[in-house]
Amino acid sequence: MALIAPRMTGALPPEDAHKLNQALAGSDDITVFVDGTVHRLPPLARDAVVDLLHRFSRGEAVTVSSVEEMLTTSKAAELAGISRTYLRNMTDRGEIPVEYRGSHRRIPLAAILAWLERQKVEQQKKDARKKAGGQEAPDQEVREG
């Protein structure tokens, strides 16, 4: 798959960002017009567009780029926010699927996204337990002897 070069767009002027923020407040229903025709975006595309608009509304600069379906360990680790070594160890343990192209590992993008979602769910569970008043149980029980 050929990749299109990333496109960097600077932050909106504060008054435009503020107007966009007000328009987005409380709604993720975005209408897209192409040549005067209304188009309903599929959920994944809609979510990406809404995320992009929210970033602009906060006054952030944005870069848009393509992502390959099969990632190098470097790209996959960068996307996941972990080290290449940690990622390689996860593939060795079978926690993340890997394909080999010769001696080079390739990680499916979907596998990284699924791992990130699992991490998010686990963090939400931990946060909910803490909020409910229960401290996290330690990994190992300490026994008095």
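This text gives an overview of the structure that appears in the document. Everything quoted here is computed from the prediction, not taken from an experiment.

## Brief notes about the overall build of the protein
And step 1. On a plain count of helices and strands, the protein comes out with 5 helices and 7 strands.
And step 2. Along the protein, helices (α) and strands (β) appear in the sequence β-α-β-β-α-β-β-α-α-β-β-α when read from the amino end.
And step 3. Across the 145 residues in the protein, those meeting the buried criterion constitute 17%.
And step 4. Taking as baseline every contact in the protein between residues at least 6 positions apart, the subset at least 24 positions apart corresponds to 56%.
And step 5. Surface summary for the protein: the accessible area is close to 11300 Å², and the carbon and sulfur share equals 52%.

## Things to note about the side chain of threonine 73
And step 1. Its location among the elements puts threonine 73 in helix H3 (residues 73-80).
And step 2. The residues contacting threonine 73, other than those within four sequence positions of it, are Arg84, Leu87, Arg88, Arg105 and Ile107.

## A word on the environment of isoleucine 107
And step 1. Within the secondary structure, isoleucine 107 sits in strand E7 (residues 104-108).
And step 2. Residue classification places isoleucine 107 among the buried positions, given a relative accessible area of 0%.
And step 3. Along the backbone, isoleucine 107 and glutamate 69 are 38 residues apart, and their C-alpha atoms lie at a distance of 8.4 Å.

## Looking at the sheet that holds strand E5 (residues 70-71)
And step 1. Taken in spatial order, the 3 strands of this open sheet run E5-E7-E6, and their pairing is antiparallel. Of all the strands in the sheet, the pair left with one neighbour each is E5 and strand E6 (99-101).
And step 2. Both E6 and E7 contribute to a ladder of 3 bridges, which runs antiparallel. Bridge pairing links glutamate 99 to arginine 106 in E7.

## A word on the nonpolar core
And step 1. Ranked by internal contacts, the top residues of the largest apolar core, which has 13 residues, are Ile82, Leu87, Ile96 and Ile112.
And step 2. Taken together, the elements giving at least two residues each to this core come down to H3, helix H4 (84-92) and helix H5 (109-131).
And step 3. Looking at this core, the element that brings in the most residues is H5, giving 4 residues.
And step 4. Those residues within four positions of leucine 87 in sequence are excluded, and the remaining contacts are Thr73, Ala76, Ala77, Ile82, Ile96, Ile107 and Ile112.

## Some thoughts on helix H2 (residues 43-57)
And step 1. With 15 residues, H2 ought to run about 21 Å at 1.5 Å a step, and its terminal C-alpha atoms sit 21 Å apart, in line with that.
And step 2. For H2, the set of buried residues is Val50, Phe56 and Ser57. Mapping the buried residues of H2 onto a view down its axis gives an arc of 120°, with all of them on the same face.
And step 3. Packed against the buried residues of H2 are strand E1 (7-9), helix H1 (14-24) and strand E4 (62-64).
And step 4. Two residues or fewer after H2 comes glycine 59, characterised by a positive phi angle close to 80°.

Criteria and cut-off values
Residues numbered from 1 in each chain as written. Predicted model: local features only at pLDDT ≥ 70, side-chain atom pairs only at ≥ 80, totals over all residues. Heavy atoms only, no water. Helix = DSSP H or I, 4+ residues; strand = E, 2+ residues; numbered from the N terminus. Buried < 20%, exposed > 50% of the residue type's maximum accessible area, 1.4 Å probe, protein only. Contact = heavy atoms within 4.5 Å. Areas by Shrake-Rupley, 256 points an atom, 1.4 Å probe, with all protein chains shown as cover. Pairing = 2+ DSSP bridges. Core = buried A, V, L, I, M, F, W, Y, C linked by side-chain atoms within 4.5 Å. Expected span 1.5 Å × (residues − 1). Arc of directions from axis to C-beta.

These values are about where atoms sit, not about what they do.
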